[in-house]
Amino acid sequence: MSLATFDLSPLRRADRWHPAELAFWLLPVAAYLVFPDNLVLLTQIAITALFCLSLDLILGYAGIVSLGHAAFFGFGAYAAGLLAANGIGDPLAGLAVAALASAALGFVTSFLVLRGSDLTRLMVTLGIAMMLYEVANKLTDLTGGVDGLQGIEMTPLLGRFSFDLYGKTAYWYAVAVLFLLFWAARRLVHSPFGLSLKGIRLNVARMPAIGAPVNARLSAIYTIGAAYAGIAGALLAQTTQFVALDVLSFNRSAELMLILVLGGSGSLYGAVIGTIVFMSAHHVLSDMNPEYWQFWLGALLVLVVLFARDGVMGSVRRLSHAAGGRRKGER
Amino acid sequence: MDYALQTRNLAKNFGGFTATNNVSLNIEAGARHALIGPNGAGKTTLINLLTGFLEPTAGRVILQGEDVTRLGQHQRVKRGLARTFQINRLFADLTVLESVTMAVNERLGVGARFWKPVGAHHQAVDEAVALLDSLRLLDVAHATTRSLAYGKQRLIEIALALAMKPRVLLLDEPAAGVPTTESRELFESIAALPRDVTILLIEHDMDLVFRFADRISVLVGGALLTHGTPEVIASDPKVREVYLGEAICA
């Protein structure tokens with residue numbers, strides 16, 4: 001093969017939108033029409049999907065394991081909640097403040113997290129989240145402690161769409177923010193920065209030898225991931241007009257890890273689809289059996305990890321490869 | 001004399017074990033310099049000290065007249081020092097073109113750009129393609145690294161180093177694990193590098209060393225035994241005794 005005939009398109013096309021992706025983003029519209037009475041649940045799914053996306057950026061792409069990602073979610077939730085409870089009820093201003101606050105927390109803690117191995121990182125992220133939980137628990141004057149933060153009042157979105165009783169505005173608001181940030185994350189993972197994150201995950205020891213400042217890159221993505229999580233937390237605070245202490249709980253961090261593994265880490269759609277599958281299953285199973293629903297969820301997880309490596313998205317990839325192979329065989 | 005890379009009394013101890021013992025090495029600019037020595041002589045440790053992969057216990061590393069002893073690996077790379085690894089350290093799930101483009105990105109300083117896609121950074125992509133062409137790797141450019149034979153992977157190891165446009169290139173047994181026929185081809189690629197690139201080579205195959213190098217340093221027990229032209233080294237009785245033995249007599 002010569003330079004003149006070399007085909008660059010596989011690299012150039014990597015970031016193009018696939019038709020299946022466009023179809024995927026019609027799902028929120030379909031869900032709205034099919035389940036008009038479940039908008040609260042659907043809004044929760046959109047928010048959790050964004051939260052899961054933020055973990056995917058740092059874990060799936062950069063390989064930083066975290067069992068304390070709720071720290072940033074909760075920090076953002078309290079930041080937005082406190083802002084609105086103190087008279088600044090503009091939703092977008094709340095998102096911005098939450099993003100900045102969580103990003104700052106992410107940046108500062110990144111230096112602690114990036115020291116050491118995976119196990120150390122698990123412990124450090126866990127520890128930071130636990131400390132934050134107890135701080136929020138203790139500062140009852142500010143956060144309401146276990147009673148939760150109340151008195152959040154939102155002004156209409158863009159000065160026009162007020163948050164209605166049926167949750168329509170809340171739903172479209174959450175979906176729009178999810179989509180925009182998904183789009184930005186999609187650009188990021190296809191950029192040189194995103195490629196270098198994959199390089200770090202695949203072979204961290206080689207990266208300095210090609211001149212890449214590994215810790216600076218990891219610190220940057222950790223900060224971005226924290227900002228995403230903070231925005232997700234802010235969305236929850238704004239759409240429910242309440243912040244419960246459990247936004248910072250270990251359970252939330254651990255469940256998020258579960259969702260990402262279920263969907264397939266290292267794929268942006270894995271994060272979103274994992275959330276849809278997990279929360280739908282949660283909803284259906286707990287309806288059927290309010291006491292023992294976790295049994296079936298546990299069974300689902302074990303099956304996924306054993307038989308569908310890389311989660312739902314891994315299976316989708318393998319199936320489409322197999323189908324592609326068969327098509328080639330027919331020719 | 002212009003030196004590309006020097007060490008001054010470089011030492012490295014691992015606990016009580018001295019892996020590098022008071023090494024003062026001078027590598028001339030443009031040299032094809034080989035570093036030889038029996039197994040366990042501390043060759044790879046020395047390379048790791050030169051590149052900043054390890055921190056020395058004592059001594060200094062000087063790159064093109066600048067003391068880089070305190071600089072990290074990626075900072076030395078930015079100053080023109082690149083290396084390959086004895087055992088492949090590649091990006092298994094990336095394609096060959098992605099891997100090399102990523103390396104070029106870093107050299108061009110666009111590695112942290114986060115908005116425009118990789119393929120839109122034309123300068124980096126074009127350069128990566130040209131590099132793959134020069135190493136005759138274009139036909140596997142879109143293949144994932146893990147799908148390639150070991151010999152080809154060794155070439156990618158070198159491509160990643162060359163993407164740094166190094167002034168000084170450290171090759172740690174580049175032909176290790178490569179079939180003889182392919183290793184010749186590999187060394188042709190290395191020999192074809194521009195003369196102004198200084199090369200420090202670690203290699204076990206004495207045939208290759210004596211064909212390739214114009215200077216040889218012999219490392220024994222972590223210390224520098226001697227150095228000189230291939231002729232001098234080949235006729236040095238000390239070297240014969242500790243290392244070469246039959247390889248030269250035969």
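Residues numbered from 1 in each chain as written. Chains lettered and ligands numbered in written order. Predicted model: local features only at pLDDT ≥ 70, side-chain atom pairs only at ≥ 80, totals over all residues. Heavy atoms only, no water.

A.B. asks: Hey, could you run me through the sheet that holds strand β10 (residues 215–220) of chain B in this one?
C.D. replies: Within a sheet, each strand pairs with its neighbour through backbone hydrogen bonds, oriented either parallel or antiparallel. All names here are of chain B. Taken together, six strands build an open sheet; the order of strands is β7-β8-β9-β4-β10-β11 and the sheet is mixed. The open sheet terminates on both sides in strands that have one partner only, identified here as β7 (81–83) and β11 (223–228). Strand-to-strand twist across the sheet, computed as the mean angle between neighbouring axes with direction ignored, equals 20°. Sheet topology note: the β10/β11 ladder contains five bridges and is antiparallel. Residue pairing for β11: Leu219 is matched across the bridge by Leu224. (Pairing = 2+ DSSP bridges. Helix = DSSP H or I, 4+ residues; strand = E, 2+ residues; numbered from the N terminus. Axes fitted to C-alpha atoms, helices over the stretch in contact; angles between N-to-C directions.)

A.B. asks: Is there a simple way to explain the pattern of salt bridges in this structure?
C.D. replies: Note that side chains of opposite charge can pair when their charged atoms are close. All names here are of chain B. Evaluation of the coordinates by the stated rule reveals 12 salt bridges over all chains. We note a salt bridge from Asp67 to Arg60, for which the minimum N-O separation is 3.5 Å. Among the salt bridges present, the one from Arg195 reaches Asp214, with a minimum N-O distance of 3.4 Å. Placement of the pair is Arg195 in the loop between α6 (180–191) and β9 (198–202) and Asp214 in the loop between α7 (206–212) and β10, with a sequence separation of 19 residues. Arg195 sits in the exposed class, given a relative accessible area of 51%. (Salt bridge = Lys/Arg side-chain N within 4 Å of Asp/Glu carboxyl O. Buried < 20%, exposed > 50% of the residue type's maximum accessible area, 1.4 Å probe, protein only.)

A.B. asks: Just to check I follow, could you spell out the confidence of the model for chain B for this structure?
C.D. replies: Detailed reading of the predicted coordinates is not advisable wherever pLDDT is low. Confidence in the prediction for chain B averages 88 pLDDT; 96% of positions are at 70 or higher. Contacts for the low-pLDDT stretch residues 246–250 of chain B, under 50 throughout, to residues beyond four places or in other chains number five contacts. (pLDDT = per-residue confidence, 0-100. Contact = heavy atoms within 4.5 Å.)

A.B. asks: Help me out: how do you make sense of the confidence of the model for chain A in this one?
C.D. replies: Residues and elements named next belong to chain A. Overall, the prediction assigns chain A a mean pLDDT of 89, with 97% of residues at 70 or greater. Here helix α15 (residues 311–330) stands out as the least confident element of chain A, with mean pLDDT 67; helix α11 (residues 214–240) is the most confident, with 96. Low pLDDT, under 50, characterises residues 327–331; the stretch is placed with zero contacts to residues that sit more than four places away or in other chains.

A.B. asks: Just checking my understanding: could you explain the packing of aromatic side chains for this structure?
C.D. replies: Pairs of aromatic rings are described using the distance from one ring centre to the other and the angle between the two planes. Residue and element names in this part refer to chain A. Scanning the entire structure with this criterion turns up 17 aromatic pairs over all chains. Ring geometry for Phe72 and Tyr222: centres 5.6 Å apart, planes at 85°, overall edge-to-face. Pair noted here: Phe72 is in helix α5 (residues 70–85) and Tyr222 is in helix α11, with a separation of 150 residues, a long-range link. Judged on exposure class, the residue Phe72 and its partner Tyr222 are both buried. An aromatic cluster is present here, built from Trp17, Phe24, Trp25, Phe179, Phe182 and Tyr269 joined pairwise through their rings. (Phe/Tyr/Trp six-rings, centres within 6.5 Å; stacked < 30°, edge-to-face > 60°.)

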